[in-house]
Amino acid sequence: KPMVVICVPTQWKMILACPEIDRFDTSSVLVAMTGAGVNPASTKKEILKRFHHSLVVDIFGQTEMTPDTTIRIDAAQDGIKNKSVGKPLAGIEMRIADENGQDVSQGETGEILYRSPTIMKEYYGEKEKTAQVIRDGWFYSGDLGYIDKDGELIVVDRKGECISTGGEKVFPHEVEEIISGNEKVDSVCVIGIPDEIWGHSVRAVVVIKDGHKATQEEIIAWCAGKMTGFKRPKSALFADSLPLSPVGKVLRSQVKA
């Protein structure tokens, strides 16, 4: 009768997809914790539905911050805000900055910067790399996000994973979340591939659920009307599985390779 269950978003998705989940008594679980990746609102709502005595506690951060930076706690489905990871923990200052390190306006997307006694000392033996990410006491996280009207951090994507196509920016996670809404899709990774006209074009690499079939045209058509035209995949490939890190994150660099 566990009181706390801690899973990454990939694990939560697997648990919630278990066809026999309703057979189990989940009433002992008081805290359903998630982290190591952005967990969409739809998944959090399903957690509250299936683990009906629990709170959903979302912890956001990264190893270099040792490791947590923000927290959000949800007790009801109605209050869940998509991609929000809450507010900074005590002792952590947070800013959103542009390419020049200057603060951006509320609601504008930029790189998330932190300042805190919990910041790592250095990347061991990597002085140049350390100097690139710690400047004037601020840690440049490499994550993109913005502060909403409630003062909460909304995570957009990793800075290095943004796709530039025809001068427009596409954040893969946003497209992946929409494609994942297709009942045939088990998992998906969106990447940018070289394109002579656009610089890069958007490609979806899709794993289809067992017992289902889908075509490239079907995946692209699913996106129509759900996102701006330049964000829609120009192509889709299908795979048996996607490479995952030990904590369940899709290894986008390996997918691109």
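Report on the accompanying structure. Residue numbers restart at each chain and count upward from 1, following the sequence in its written direction. Predicted model: local features are reported for residues with pLDDT of at least 70 only, side-chain atom pairs are reported and counted for 80 or more only, and whole-chain, interface and lining totals are derived from all residues. Hydrogens are left out, water is left out, and the side-chain values use all remaining heavy atoms of the structure.

## Observations concerning the layout of surface pockets
Counted as a void, the second largest pocket has a volume near 220 Å³. Each residue is assigned to one of three groups, with Ala, Val, Leu, Ile, Met, Phe, Trp, Tyr, Cys and Pro labelled nonpolar, Asp, Glu, Lys and Arg labelled charged, and all others, Gly among them, labelled polar. Broken down by class, the residue content of the lining of the second largest pocket amounts to five nonpolar, two polar and six charged. Every definition here rests on a 1 Å grid over the protein atoms only: cavities are sets of points where a 1.4 Å probe fits but cannot get out, pockets are open sets enclosed by protein on both sides within 12 Å along at least five of seven lines, and lining residues have some atom within 4 Å of a point. Grid points are joined across faces, edges and corners, and a volume is the space filled by probe spheres set on the points.

## Re the pairing of strand β6 (residues 93–97)
Throughout, exposure labels follow a simple rule: accessible area from a 1.4 Å probe, protein chains only, divided by the maximum for the residue type, with under 20% read as buried, over 50% as exposed, and the rest as partly exposed. What counts as a helix is a DSSP run of H or I of at least four residues, what counts as a strand is a run of E of at least two, and both are numbered from the N terminus. Within β6, four of the five residues are buried, which leaves the element mostly enclosed by the surrounding structure. Strands qualify as paired when DSSP identifies two bridges or more between them. Summarising the sheet, β6 and strand β7 (residues 110–115) pair through five bridges and their orientation is antiparallel. The residue of β7 that forms the bridge with Ala 97 is Glu 111.

## A closer look at the environment of Met 33
Here Met 33 shows up in strand β2 (residues 31–35). In sequence terms Met 33 and Ile 59 are 26 residues apart; their C-alpha atoms lie 7.5 Å from each other. Whether two residues are in contact is decided by their heavy atoms: any pair within 4.5 Å suffices. Setting aside residues up to four positions removed in sequence, Met 33 forms contacts with Val 5, Ile 6, Cys 7, Trp 12, Val 57 and Ile 59.

## Considerations on the pairing of strand β1 (residues 4–7)
Judged by which residues are buried, β1 turns out to be one-sided: Val 5 and Cys 7 face inward and are buried, whereas Val 4 and Ile 6, on the alternate face, are not. In terms of strand pairing, β1 meets β2 through four bridges, oriented parallel. Among the inter-strand pairings, Ile 6 is bridged to a residue of β2, identified as Met 33. A clockwise path from the first strand over the helix to the second, with the strands pointing away from the viewer, defines a right-handed crossover. Following the backbone out of β1, through helix α1 (residues 9–16) and into the adjacent parallel β2, one traces a crossover that is right-handed.

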